[in-house]
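This is what each chain is made of:
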Amino acid sequence: MNAVTWDQRERIIALLADASADPDVRAVVVTATGRGFCAGADLRGAPATGERVAGDVARMIRLGAQRFIGAVLDCEKPVIAAVNGTAAGIGAHLALACDLVIAADSARFIEVFVRRGLVPDGGGAYLLPRLIGPQRAKELLFFGDAVGAADAKDLGLVNRIVPAADLEKTAREWAERLAQGPTRALALTKQLVNASLDSDRTTAFAAEAAAQELNMTTRDAQEGVASFVERREARYEGR
């Protein structure tokens, strides 16, 4: 069920960082093979530690689950989740941290933490209220019930549902569309939208103006304006 090991987590974080830095990467798709998308964290692969002392758990969460989800939120390229099956615990948060979520009709989302007597980590209590509001977020977090793809779409957790056989094809189509877009403008747009949820209007407007100022120095912005004036399709290079 693709439970995330320590090694896998570090590998994914590194890949997302590489995607941000590589101008030839224009979009990212996060998906999985087999029956599940991600069943949560598999701590069996974590480095061995000695006797636990106060602060160890908080440090583990900061450097582990939170850093993992932060890597998705901070990736400078648009990230699509193609959820092929069950996304539970940190697996659900991995999907929900992505910019767009496509789910197979067999997908399920489960906030399993309460079933284990745990507080949701990996950004669950941060992401869910921003996506669906506090009352619905509490319902999912308090009860830990499985949410099917159709209900997840109704709640606003999923952008589109497709038959399982069409998941890879649809994710690739979306990624190719994004890859042909103005990559730096998309990165700045992602930053603005994510930051707006924690900003007042004055701060958000100032960030918007600064982002547009920065974006206008890119070749893609110049190409976009030129294509409009010349009445032709824009040809973006991601720079």
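Okay, so let's go over this structure. Model, not experiment: these values are computed from the prediction.

### A look at the pattern of salt bridges
The full count for this structure, using the stated rule, is eleven salt bridges. As a salt-bridge pair, Glu76 and Arg184 come within 3.3 Å of each other at their nearest N and O atoms. With a gap of 108 residues between them, Glu76 in the loop between helix H2 (56-74) and strand S3 (79-83) and Arg184 in helix H8 (residues 183-196) connect regions that are remote in the sequence. Residue Glu237 pairs with Arg219 through a salt bridge whose shortest N-O separation is 3.5 Å.

### A few points about the layout of surface pockets
The space that makes up the second largest pocket amounts to roughly 670 Å³. Cys98, Asp99, Lys190, Val193 and Asn194 are, among the 29 residues lining the second largest pocket, the residues nearest its centre. Sorting the residues of the lining of the second largest pocket by element identifies H2, helix H3 (90-97), strand S5 (100-104), helix H4 (124-132) and H8 as the ones contributing at least two each. The biggest single contributor to the lining of the second largest pocket is H8, with seven residues. For the lining of the second largest pocket, the class distribution of residues is 18 nonpolar, five polar and six charged.

### A short note on empty space enclosed by the protein
To find the voids left in a structure, one rolls a probe of water-molecule size over its atoms. Across all of its chains, the model carries one cavity of 30 Å³ or more by this definition. In this structure, the largest cavity spans a volume of roughly 60 Å³. If you go around the largest cavity, the residues you meet are Ala92, Leu96, Phe109, Ile110, Glu111, Leu128, Leu140, Asp145, Val147 and Leu157. Those elements that place two or more of their residues in the lining of the largest cavity are H3 and strand S6 (108-110). Of the residues in the lining of the largest cavity, the class split is eight nonpolar, no polar and two charged.

### Notes on the nonpolar core
With 41 residues, the main nonpolar core has Phe37, Val83, Phe109, Leu128 and Leu157 as its most contacted residues. The greatest single-element share of this core, amounting to six residues, is contributed by H3. Sequence-distant contacts of Val83, defined by excluding residues within four places in its chain, comprise Phe37, Ala95, Val101, Ile102, Ala103, Ala104, Ala107, Phe109 and Leu167.

Conventions we followed
Per chain, the residues get numbers from 1 upward, laid out in the order the sequence is written. Residues qualify for local features only when their pLDDT is at least 70, as the model is predicted, and side-chain atom pairs are given and counted only at 80 or more; totals for whole chains, interfaces and linings, by contrast, use all residues. Excluded from the side-chain calculation are hydrogens and water; included are all heavy atoms of the structure. Here, a salt bridge means any side-chain nitrogen of Lys or Arg that lies within 4 Å of a carboxyl oxygen of Asp or Glu. Secondary structure is summarised from DSSP: a helix means a run of H or I of at least four residues, a strand means a run of E of at least two, and numbering begins at the N terminus for each. Cavities and pockets were defined on a 1 Å grid built over protein atoms only: a cavity is a set of grid points that admits a 1.4 Å probe from which the probe cannot escape, a pocket is an open set flanked by protein on both sides within 12 Å along at least five of seven lines, and lining residues are those with an atom within 4 Å of any such point. Grid points are joined across faces, edges and corners, and a volume is the space filled by probe spheres set on the points. Following the grouping adopted for this structure description, the nonpolar residues are Ala, Val, Leu, Ile, Met, Phe, Trp, Tyr, Cys and Pro, the charged ones are Asp, Glu, Lys and Arg, and the polar ones are all others, Gly among them. Joining through side-chain atoms within 4.5 Å is the link that ties buried Ala, Val, Leu, Ile, Met, Phe, Trp, Tyr and Cys residues into a set, and such a set is a nonpolar core. Only protein chains enter the accessibility calculation, which uses a 1.4 Å probe. A residue is then buried if its area is under 20% of the maximum for its type, exposed if over 50%, and partly exposed in between. Here, residues are in contact when the closest pair of their heavy atoms is within 4.5 Å.

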